[in-house]
Amino acid sequence: MRNIFFKSPSPTRMTPPSSPLHHTFSESLMEENIEVAQFIITKWDSSHDDNLVSLFSDKDEARQYLGSIKGLQKAMKYLVLHQSNSEKLVRAQLLMQTAMKRLQNEFYQILKSNRDYLDPESVSAHSSSRPSVSRSSFSEFEEEEEEEDESENENDSVPEVETASLAAMADLRAIAEAMISAGYAKECIKVYKIIRKSIVDEALYHLGVEREFTFQRIQKMEWEVLEFKIKNWLSAVKMAVKTLFYGERLLCDQVFSVSAAIRESCFTEISKEGALALFGFPENVAKCKQTPEKLFRILDLYEAVSGLWPEVESIFSFESTAAVRATAVNSLIKLGDTVRTMLMDFETAIQKDSSKTTVPGGGIHPLTRYVMNYISFLADYCGILSNIFEDWPFTVPSALPESYFGSPDSEGSISSPISVRVAWLILVMLCKLDGKAAMYKDVPLSYLFLANNLQYVTEKVRQSNLKFLLGDDWLINHELKVKQYAENYEKIGWSKVLASLPENQTAEIPADRVNDHFKKFNSAFEEAYMKQVSWVVPDPKLRDHIKISLARRIIPIYKEFYESNGGVQMKKEMWGESFIRFTPDDLGNYWSDMFYGSRSSGSVSSSSRGGGRSH
């Protein structure tokens, strides 16, 4: 059948183009092409078919129909050149109109009936695993049967949905090529734009992308409502870009591969409006008044847009979609500016903290918890923050000790812009804590407060991504400071207890002086214990460290004096319990009760006290 519609003169009948025989032959051939076209086009004239059966449901019929259109086009070109006033030309034009009407209907029906197979998700999914449709199934009619058989065999291993999708795309492309070639591009494009735009708009609606998300509307929203909208947008944007717009761009490129201008026009009209609404949202959010707790959602928006930028740049590469690229870039710029401003505001808020209330027992200050939780969350965005601050170098406002940032020559020293900023924020907070420590009337308690809070800081760093930003040197330096604070607490808080014992515990001392030392020790230990039993050390490791350190500092000295001056027997026979109230083992039992923040009931008792607090 295929040679009937696409005749070429045989070599033996070839004549020079200018000869009368050539014109006679060409005229005869063109008349035959018109006759064939009339037969096939009339057969499929939709105006005579109440129950429209798809022409493209039969591959061979579709080939013949498109082949007849090609032959008709050649006939019309010939007639325009040689018989422009011929009735044959009018007849051919009417046939072409009928054929184009039929193809327009077919184009519409294929788009509608294959909606599930042509959804962007299906198109984008198989495009990554299979090469692009490089040609229409019906655009070349002189391929060998073997090639078609090979193509069919390849399709046997392809999933049914993918096969249907590829077949529909090939049919649409064949129709588009025929209509564009015949000068009916406008009719074809109109159908395509209407149907595909409705699909894209509906998909965006289901993703929660709202067109009327103006700055004025967003500004009036309560934060809980806006945060919910942001979460919806974050879950929608990846699907919209990587699946919806990407799939639609692929479909346009395939269906209208014959014309770059038409591809651009269709894709722009279908997707531009929705894409502008999508990427306008984060820019409008960034313009709103911000508070510190909103920073992480702003960073989420920045991360989403910047992560999708390569796809945005590729999908919306046309000149007519430049506004989409510009909107995405403007969103990034505005979001970045907002992040920088919010971090500066956060630093200012730390510096302006003016709370005067001390934390009972020297525990963790609310400022410490808030700042460290905030900064540890920031560390999860270190990559994004590095991009935002890349062109905004940070100069520390005051000279800092080398020990704070680490040795400049060491591998662990802080050097990246975001690391320096984080280190600076922590230092600003620690300076505020120094001022708050001075509010305690008991100097030992102020040191315990500093030890507790700096321990909390180092643990937060160690347990989060902050450890990668600040490094091992920073941690080591600050953990040493915790121990220094704890040591200062021990020295000052238990100095009277140590001072109550003689410098040389083994030297012979008169009985009255021995008695006096025991009395002083009893009094000093009871006073220190009763004052400090309500103090708190929340961190178990630091608590154990202090208890062990106190035991090592006091018990050996007391034990040596105790054993050198009568021991247990001396206690019973000479002085009685009124002078020796504590055995060396008792001290550890009393310390076991300490640093939990609750005062023991009653006063300090004698060595009959049990084994201390049970855990």
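What counts and how
Going along each chain's sequence as written, the residues are numbered from 1 onward. Reporting in this predicted model follows two pLDDT cut-offs: at least 70 for local features of residues, and 80 or more for side-chain atom pairs to be given and counted; totals over whole chains, interfaces and linings ignore these cut-offs and use all residues. Here the side-chain values reflect all heavy atoms present in the structure, with hydrogen atoms and water set aside. Strands are runs of DSSP state E lasting at least two residues, helices are runs of H or I lasting at least four, and both sets are numbered from the N terminus onward. Note on classification: 1.4 Å probe, protein chains only; a residue is buried when its accessible area is under 20% of the maximum for its type, exposed when over 50%, partly exposed between these limits. Any pair of N or O atoms that falls within 3.5 Å is considered a polar contact. Within protein, one atom must be able to donate a hydrogen and the other to accept it, and sequence-neighbouring residues count only if both atoms are side-chain atoms. Whether two residues touch is decided by their heavy atoms; if any such pair falls within 4.5 Å, the residues are in contact. By convention a nonpolar core is built from buried Ala, Val, Leu, Ile, Met, Phe, Trp, Tyr and Cys residues, the set being connected through side-chain atoms within 4.5 Å. Ring pairs are drawn from Phe, Tyr and Trp, using the six-membered ring of Trp, whenever the two centres fall within 6.5 Å, and their geometry is named by plane angle: stacked under 30 degrees, edge-to-face over 60, tilted for the rest. Angles shown run from 0 to 180 degrees and are taken between the N-to-C directions of axes, each axis being a line fitted to C-alpha atoms and, for helices, limited to the stretch in contact. An angle below 35 degrees is read as roughly parallel, one above 145 as roughly antiparallel, one from 65 to 115 as roughly perpendicular, and any other as oblique. If you view the pair so one helix is near and one far, a crossing is left-handed when the near helix is turned anticlockwise from the far one by less than a right angle, and right-handed when it is turned clockwise. What pLDDT conveys is the predictor's confidence in a given residue, as a value from 0 to 100. In this analysis, the expected span of each helix is defined as 1.5 Å times one less than the number of residues it contains. What counts as a disulfide here is a pair of cysteine sulfur atoms lying within 2.5 Å. Asp, Glu, Lys and Arg are counted as charged, while Ala, Val, Leu, Ile, Met, Phe, Trp, Tyr, Cys and Pro are counted as nonpolar; the rest, among them Gly, fall into the polar class. We count a salt bridge whenever a side-chain nitrogen from Lys or Arg sits within 4 Å of a carboxyl oxygen from Asp or Glu.

Attention now goes to the overall build of the protein chain. Looking only at helices and strands, the protein chain features 23 helices and zero strands. Taken across its 615 residues, the protein chain has 48% of its residues classed as buried.

The residue Arg 325 is located in helix H12 (residues 322–352) in this model. A polar contact is formed between the side chain of Arg 325 and the backbone oxygen of Phe 318, at a distance of 2.9 Å. Once residues within four sequence positions are removed from consideration, Arg 325 is found in contact with Trp 309, Val 312, Glu 313, Phe 316, Ser 317 and Phe 318.

Moving on to the nonpolar core. One finds Phe 107 and Phe 256 to be the most contacted residues of the largest nonpolar core, which totals 173 residues. When residues in this core are grouped by element, the largest group, 14 residues, is from helix H9 (residues 223–255). Beyond its immediate sequence surroundings of up to four residues, Phe 107 is in contact with Leu 172, Ile 175, Ala 176, Cys 188, Val 191, Tyr 192, Val 255 and Phe 256.

Here we take up the packing of aromatic side chains. By the definition in use, this model includes 25 aromatic pairs. Consider the rings of Phe 107 and Phe 256, whose centres lie 6.5 Å apart with planes at 55°: the pair is tilted. Separated by 149 residues along the polypeptide, Phe 107 in helix H3 (residues 87–113) and Phe 256 in the loop between H9 and helix H10 (260–287) bring together distant segments of the chain. Of the two residues, Phe 107 and Phe 256, both sit in the buried class. Here the aromatic cluster, defined as three or more aromatic residues joined through ring pairs, consists of Trp 494, Phe 518, Phe 521, Phe 525, Tyr 529, Tyr 558, Tyr 590 and Trp 591.

Moving on: the packing of H3 against helix H7 (residues 185–207). How two helices pack is summed up by the angle between their axes together with the distance between the axes. Following both chains from N to C, one finds H3 and H7 inclined at 20°, their axes separated by 10 Å at the closest point. What the angle tells us is that H3 and H7 run roughly parallel. H7 is crossed by H3, and the crossing has right-handed handedness. On the side of H3, the interface is formed by Gln 104, Phe 107, Tyr 108, Leu 111 and Lys 112, while H7 contributes Glu 187, Cys 188, Val 191, Tyr 192, Ile 195 and Arg 196.

Okay, the environment of Ser 376 next. Here Ser 376 lies in helix H13 (residues 366–379). According to the relative accessible area criterion, Ser 376 is buried, its value standing at 9%. The spatial distance from the C-alpha of Ser 376 to the C-alpha of Asn 465 is 6.9 Å, given a sequence separation of 89 residues.

Once that is clear, we can look at the confidence of the model for the protein chain. A residue-level look at the protein chain finds 79% of positions with pLDDT of 70 or above and a mean pLDDT of 80. For residues 1–25, every residue scores under 50 in pLDDT, and the model assigns this stretch 30 contacts once sequence neighbours within four places are set aside. Here residues 606–615 is a poorly scored stretch, pLDDT under 50, and it has 24 contacts once near neighbours within four places are set aside; other chains count.

A rise of 1.5 Å per residue sets the reference length of helix H2 (residues 59–82), with its 24 residues, at 34 Å; its end C-alpha atoms lie 35 Å apart and thus fit the reference within 8%. The residue sitting at the N-terminus of H2 and contributing the capping side-chain oxygen is Asp 58; that oxygen lies 3.0 Å from the backbone nitrogen of Asp 60.

What follows is about the state of the cysteines. Counted under the stated rule, the structure contains zero disulfides. Unpaired in this structure, Cys 252 has its nearest cysteine sulfur neighbour in Cys 266, at a distance of 5.3 Å. The exposure class assigned to Cys 252 is buried, which follows from its relative accessible area of 0%.

Okay, the packing of H13 against helix H17 (residues 443–462) next. The geometry of H13 relative to H17 is characterised by a closest axis approach of 10 Å and an angle of 15° between their N-to-C directions. It follows from the interaxial angle that H13 and H17 lie roughly parallel. Handedness of the H13/H17 crossing: right-handed. Residue-level inspection shows Thr 368, Arg 369, Met 372, Asn 373 and Ser 376 of H13 in contact with H17, the latter providing Asn 453, Tyr 456, Val 457, Lys 460 and Val 461. Here the residues of the contact of H13 with H17 sort into four nonpolar, four polar and two charged.

A word on the pattern of salt bridges. Scanning all chains against the criterion turns up 24 salt bridges. Taking the shortest distance from any N to any O, the salt bridge between Asp 337 and Arg 340 comes out at 2.5 Å. Of the two residues, Asp 337 and Arg 340 both sit in helix H12, three residues apart, roughly one turn of that helix. What makes Asp 337 partly exposed here is its relative accessible area of 30%.

Look at Phe 595: it is not a glycine, yet its phi comes out positive at around 75°. Tracing the sequence through the fold places Phe 595 in the segment after helix H23 (584–591). By relative accessible area, which is 1% here, Phe 595 ends up buried.

Now for the environment of Ala 437. Within the fold, Ala 437 resides in helix H16 (residues 417–437). Assessed through its relative accessible area of 4%, Ala 437 is described here as buried. Separated by 79 residues in sequence, Ala 437 and Thr 358 place their C-alpha atoms 8.0 Å apart. With near-sequence residues (within four places) excluded, Ala 437 lies in contact with Ser 446, Phe 449 and Leu 450.

Further remarks concern H16. If you check H16, its first and last C-alpha atoms are 30 Å apart, about what 21 residues at 1.5 Å a residue would give, namely 30 Å. Counting buried positions along H16 gives 16 out of 21 residues, so the element sits mostly inside the fold.

Before going further, it helps to examine the side chain of Thr 321. By secondary structure assignment, the location of Thr 321 is in the loop between helix H11 (295–315) and H12. Exposure remark for Thr 321: the relative accessible area of 0% places this residue in the buried category. At 3.0 Å, the side chain of Thr 321 and the backbone oxygen of Phe 316 are in polar contact. At a separation of 3.0 Å, a polar atom in the side chain of Thr 321 contacts the main-chain carbonyl oxygen of Phe 318. Residues in contact with Thr 321, not counting those within four places in the same chain, are Phe 267, Thr 268 and Phe 316.

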